[in-house]
Every structure is written in C-alpha cells, then in structure tokens.
Amino acid sequence: MYDENNIFAKILRNEIPCEKVYEDEVSLFFYDINPQASIHVLGIPKVKVTDIYDFIEKTNEKDALSFFKSINKVIDKLNVKNSGFRIISNTGENGGQEVPHFHVHILAGEKIGGLR
Ligand code: AMP
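A. Quick look at the sheet that holds strand 4 (residues 85–88). Read across the open sheet, the 5 strands follow the order 1-2-3-5-4; overall the sheet is antiparallel. Looking at which strands have only one partner, the edges of the open sheet turn out to be strand 1 (20–23) and strand 4. Taking the axes of each pair of neighbouring strands and ignoring which way they run, one obtains an average angle of 20° across the sheet. With 3 bridges connecting them, strand 1 and strand 2 (residues 27–31) associate as antiparallel partners. Across the sheet, residue Lys20 finds its bridge partner in strand 2, namely Phe30. Across the sheet, helix 3 (residues 61–78) is in contact with strand 1, strand 2, strand 3 (39–45), strand 4 and strand 5 (104–108); its angle to strand 2 comes to roughly 35°.

As structure tokens, then:
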C-alpha cells in the first residue's frame, strides 16, 4: 500500500523543498540530500507507486516511456553521458529501500565504487 506521508510524496505536494534538476508533468528529478557521489540525483515519477515493480505494474506505457526519456534529459543536463554514470533503484527490505515511493538514483561525477 502506498504511504501518502512518505518524504517524496511530501516533496511532490510541495510540503518540503527540493533542489530541482528537471520536472515535467510525469516526473521530477532533484538532488539527493545526502549525496553518495559528487553528482547524486534522484528521479521519481509523479504517479503513486512504491517501487520499480509497482511502477511497471501500474504505469501506462506513455508515462513509463516519458519517465525513462526524462532520465536521458537529466543525463544530458548533467553532462555525464560521456564520463558515465550509475543508475540504481533500491527495492524493499533486502534492496535497502528507505523511501517507499519509486525512485532511481543517478550517481556520477566520479568513479562509482562497489555496489550500493
Ligand atoms: P533509498 O534508500 O533508495 O530509498 O534512497 C532514499 C534516498 O532519499 C537517500 O539517498 C536519501 O539521502 C534521500 N533523501 C531522503 N530525504 C530526502 C530529501 N528531503 N531530499 C532529497 N533526498 C532525500
């Protein structure tokens, strides 16, 4: 069940601020408050889904494609296409997910060590 009070739901409702990188009607990308690399951006769809499995189950094709296209827009905006980056989506307890609204981490700007 989706928790309406998770921190990313609050960001989407403008109840708490974020440092925006990109936004459109489907998605929002913003800097992680506790960066694990010199560039650490989080990307979330605006649809209320808890994790990547839920996103794939419930999101229509148009919005799913739009979300993934937005990742490329952010990669271009951050100018990290050539230097490289890592995209992670932690899921559930064993995946180490803390915030129960589907998100991807985009880590870049330096060589990203070990699996996170
Ligand atoms: P995860 O462990 O995959 O659920 O990641 C949650 C991420 O959200 C962590 O990297 C946190 O640093 C980040 N985070 C938590 N609260 C905020 C916030 N208010 N603004 C930006 N990032 C946040």
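B. Examining the packing of aromatic side chains more closely. As enumerated under the stated definition, the model contains 8 aromatic pairs in all. Plain terms: the ring middles of Phe67 and Phe68 are 5.5 Å apart, the flat faces sit at 75° to each other, and that makes the pair edge-to-face. Overall, Phe67 belongs to the buried group, its relative accessible area being 0%.

C. Here's a closer look at the layout of surface pockets. Within this model, the largest pocket holds a volume of roughly 590 Å³. Among the secondary structure elements, those contributing two or more residues to the lining of the largest pocket are helix 1 (7–12), strand 2, strand 3 and strand 5. Here the element with the most residues in the lining of the largest pocket is helix 1; it accounts for 3 residues. For the lining of the largest pocket, the per-class residue count stands at 13 nonpolar, 8 polar and 4 charged.

D. Main features of unusual backbone geometry. In the Ramachandran plot, Asn14 falls in the positive-phi region, its phi being about 60° despite a non-glycine side chain. Unusually for a residue other than glycine, Asn79 sits at a positive phi of about 60°. Assessed through its relative accessible area of 65%, Asn79 is described here as exposed.

E. Geometry of the pattern of salt bridges. By the definition in use, this model includes 6 salt bridges. The residue Glu4 makes a salt bridge to Arg13 at a minimum N-O spacing of 3.8 Å. Residue Glu4 is classed as partly exposed on the basis of its relative accessible area, which comes to 38%. According to the relative accessible area criterion, Arg13 is partly exposed, its value standing at 35%. Residue Asp54 pairs with Lys58 through a salt bridge whose shortest N-O separation is 2.8 Å.

F. Local environment of helix 3. The end-to-end C-alpha distance of helix 3, which contains 18 residues, comes to 26 Å, matching closely the 26 Å that a straight helix rising 1.5 Å per residue would cover. Every buried residue of helix 3 is listed here: Ala64, Ser66, Phe67, Ser70, Ile71, Val74, Ile75 and Leu78. Sitting at the amino-terminal end of helix 3 is Asn60, which places a side-chain oxygen 3.1 Å from the backbone nitrogen of Lys62. Looking at the residues trailing helix 3, positive phi occurs at Asn79, about 60°.

What counts as what
- Residues numbered from 1 in each chain as written.
- Predicted model: local features only at pLDDT ≥ 70, side-chain atom pairs only at ≥ 80, totals over all residues.
- Heavy atoms only, no water.
- Pairing = 2+ DSSP bridges.
- Helix = DSSP H or I, 4+ residues; strand = E, 2+ residues; numbered from the N terminus.
- Axes fitted to C-alpha atoms, helices over the stretch in contact; angles between N-to-C directions.
- Contact = heavy atoms within 4.5 Å.
- Phe/Tyr/Trp six-rings, centres within 6.5 Å; stacked < 30°, edge-to-face > 60°.
- Buried < 20%, exposed > 50% of the residue type's maximum accessible area, 1.4 Å probe, protein only.
- 1 Å grid on protein atoms, 1.4 Å probe; cavity = no way out; pocket = protein on both sides within 12 Å on 5 of 7 lines; lining within 4 Å.
- Points joined across faces, edges and corners; volume = space filled by probe spheres on them.
- Nonpolar A, V, L, I, M, F, W, Y, C, P; charged D, E, K, R; others polar.
- Salt bridge = Lys/Arg side-chain N within 4 Å of Asp/Glu carboxyl O.
- Expected span 1.5 Å × (residues − 1).
- Polar contact = N/O pair within 3.5 Å; in protein donor to acceptor, adjacent residues only side chain to side chain.

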